[in-house]
Structures are given as structure tokens and as C-alpha cells.
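Listed below, chain by chain, are the residues.
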Amino acid sequence: MYKNLAAALVAACFFLPAAQAQISAPSTSKSTDPIKAGFVYVSPITEAGWTRQHDEGRKAVERALGDQVKTTFVADVAEGADAERVIRDLAQQGHQIIFTPSFGYMEPTLKVAKEFPNVKFESVTGFKTASNVAASNARYYEGRYLAGIAAGRMTQSNVAGYVAGFPIPEVLQGINAFTLGMRSVNPKATVKVVWLNAWFDPPKEREAAMALFNQDVDVIAFHTGSTAVMAAAQERGKMAVAYHSDMRKVGPDAQIIAVSHQWGDYYTARVKAALAGQWKSGSVWGGVKEGMIRVGDFGPKVPKPVQDEILAKQKAVGAGKLQAFAGPISDNEGKLVLPAGQTLSDAQILNMNYLVQGVVGRITR
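In this report, the structure presented in the accompanying data block is examined. From a predicted model like this one, the values you see are computed outputs, not experimental measurements.

1. Some thoughts on the sheet that holds strand 11 (residues 283-286)
Moving on, step 1. Pairing is parallel across the open sheet formed by 6 strands, whose spatial order is 2-1-3-4-5-11. The open sheet is flanked by strand 2 (69-74) and strand 11, the only strands paired with a single partner. The sheet shows a mean angle of 15° between the axes of neighbouring strands, taken without regard to direction.
Moving on, step 2. In this sheet, strand 4 (residues 120-124) lies alongside strand 3 (residues 97-100) in parallel orientation, the contact comprising 4 bridges. Considered in strand 4, the bridge of I98 is made with F121.
Moving on, step 3. Packed onto the sheet, helix 3 (residues 81-92) meets strand 1 (35-40), strand 2, strand 3 and strand 4 and runs at close to 175° relative to strand 1.

The following block contains the structure:
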């Protein structure tokens, strides 16, 4: 996850669409020694959420490669000095490829990579690369747009809530795409934002959700790392959009849809490439088309016609026929950002620093 606005803005210079980077799985080598793959997680492995999805990706590697791979993970590792120590330990223990899925791990990963030139590193949500460091991220905003359509169809109050971590481009993309999706089917809808300045703080996440529910919000989305917002929606009899993972176990009645991250294919392809001696550095930014983002896992409140509409539009997004950021787009201060007939470029999306019309709130600095 991004944790530095200035650094995140530079990302536009580095990311390539997934189709331009190596994500296909080459044939594996005939070596009898298993490759050792290490994973570093920024939070505990909970039943759903950011870290859960990356651990599911690790398990997918094990299923795909069997005795050709041995995986190791270290969870709940703080960004900064702790991350550097853990990443170095994994390299010293003989791991040939190491995945570090948190933006705050980028600099520690690069530092350790210089010390271990024969080890391959995968900086997930980072943007800097090196000869032995690749970068990858997903177009989360595509799923957010589709979830916004679902929220627009389901709301009765026409007021949605959004519990957000930090006001960096990745989060702004999600808020804006969700709002644009919602207002594409419900022009009266508004979205109220609460900033947490934290990625994983279940008590604060819950408190923010409860505050929003007290402000006419009947459907809520979030960009945080736990299931606390979903649990709060279940408790209050409200609706919620799950993020990272399917959270119906936590909110069986509350969940209307999930925006889930799918890392298994990418992780497997990268480990296979390392195993075959064909790994190359590069940058990937994949979305619905590449199978890295998916919406679905509908809750019982969502009518079949709405489900069918969302799934059809998901196919359109994957085919490039539906763009989340198509003009006209204005910010929530009335300034025209994008004229009709145009779509935002990748660079414009990666440098996003505003909230669109319909969002109630400001970007905290």
C-alpha cells in the first residue's frame, strides 16, 4: 500500500500495462532442488483483507508448483527498519525470490537487493525497479467503479460512506472511481469520506464507519486492511462493499459485493520464471483484463438483474469498452478536470490529486 504522496506521484513514470511486462508462465527448469520463495506481510494474516489475499497468492504458488517450491512468510512486519531486517534475513537464508507487498517496503527492498544481486525481488505496490527488483500493482479503481454501480443501485438514502487510509493517488483513484460509478446510475448520490491516516487499525476503522452511519449513510466502502468496517455494517443493518477479499463470513447480510485482489497467477508466473532462469525485472499494472482485479461475491440483498448488470459491465471493462475515468469529469470544487469524449491517461490516473464531483470531503495533507 502507498504511504508517501510525493513518492507515489513519481510512479507514473514507471508503470507499464501488464500486457507489456512479463507475466506469462514459462516452462520450469528440470532442477530437483525446490526454489525458495519468501513473502513479507505488513499486517497479521486475518480471515480477509490485504494480507489474506497475498497469502492466498502464496498458497496458489504452492498448489501450482508442488515440490518444486518451498515458501516462507513473515507476517506483521512494520515498514522501515523491521522490514529491512526481515527481507535481509530471508535473503541470507537462501530464498531465491522474495515478495514484499507493501509500498513502505519498497526502499528496504531496494537496499537489500543491492547486497544480494543473485536474489530476485518483487516489490508489490512499489514503483522503483532495479536489475533484480521488479514492481507490480493492480488497477483497483476498475473494481471500485463497478462496486459504485452496485452501491448506486442499492442505496435508499443516496448517501454512501468511504473509510479511507491515506490521501494518496491509489486511494483517490478508488474514491473517485466508486463515486463516478455510483453516479453513473444514480446522479443524486453523494459519497462522504473519513480519513484515518492508517492502513490497519480496526478500532479506528469501526469508529469511522459508525460515524458515517450516523450521517444518513446506508452503504459504505473502505480502503483499509481489516474487516472492521464490514463488521460494523453488519451490526448496524447497513450495506457494505468488501475490499481485498470476500467478507461474507463477517457480513453475511451487509455485503453487497466484493472487490477482490487476485495475486495467485502473477506470483506463480514470477516464481516459475525464476525457477526456469527466465525471470526479468519489469513493471506490471494489471486490472480486470489480466485477472488481477475481480468483482462478485454478491450478498443476498442484491437482485439478480443488478448482479447481471455488474458482471456484464465487468466484461466490458476487461474488453476495454468501459472506462472508469471517461469525461466529462469535474472535481468537487467545480473545476472541469476532463472534457467529454476523453479518458484519463495512465499518467493522469497515477498522479490523481483531487476528489470528483459528488464526493463530500477534502484531501487532508
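2. Section: the sheet that holds strand 7 (residues 190-195)
Moving on, step 1. The strand order across the open sheet built from 7 strands is 12-10-9-8-6-7-15, with neighbouring strands paired in mixed fashion. Two strands bound the open sheet, and with one partner strand each, they are strand 12 (293-296) and strand 15 (359-360).
Moving on, step 2. Note: strand 8 (residues 219-223) against strand 9 (residues 239-244), 2 bridges, orientation parallel. Among the inter-strand pairings, V219 is bridged to a residue of strand 9, identified as M239.
Moving on, step 3. Running over the sheet, helix 5 (residues 140-154) touches strand 6 (159-164), strand 8, strand 9, strand 10 (255-261) and strand 12 and is turned about 175° from strand 10.

3. Topic: helix 5
Moving on, step 1. The end-to-end C-alpha separation of helix 5 is 21 Å, in line with the 21 Å expected for 15 residues at 1.5 Å each.
Moving on, step 2. Most of helix 5 is tucked away: 14 of the 15 residues are buried.

4. Focus: the packing of helix 5 against helix 10 (residues 304-318)
Moving on, step 1. Two elements in contact, helix 5 and helix 10, have axes separated by 10 Å at closest approach and are oriented at 155°. Our classification of the angle between helix 5 and helix 10 gives roughly antiparallel. Our pair here, helix 5 against helix 10, has a crossing hand that is right-handed. Of helix 10, the residues touching helix 5 (which contributes E142, L146, I149, A150 and R153) are V306, E309, I310, K313, Q314 and V317.

Rules used throughout
Residues numbered from 1 in each chain as written. Predicted model: local features only at pLDDT ≥ 70, side-chain atom pairs only at ≥ 80, totals over all residues. Heavy atoms only, no water. Pairing = 2+ DSSP bridges. Helix = DSSP H or I, 4+ residues; strand = E, 2+ residues; numbered from the N terminus. Axes fitted to C-alpha atoms, helices over the stretch in contact; angles between N-to-C directions. Contact = heavy atoms within 4.5 Å. Expected span 1.5 Å × (residues − 1). Buried < 20%, exposed > 50% of the residue type's maximum accessible area, 1.4 Å probe, protein only. Parallel < 35°, antiparallel > 145°, perpendicular 65-115°, else oblique. Left-handed = near helix turned anticlockwise from the far one by under 90°.

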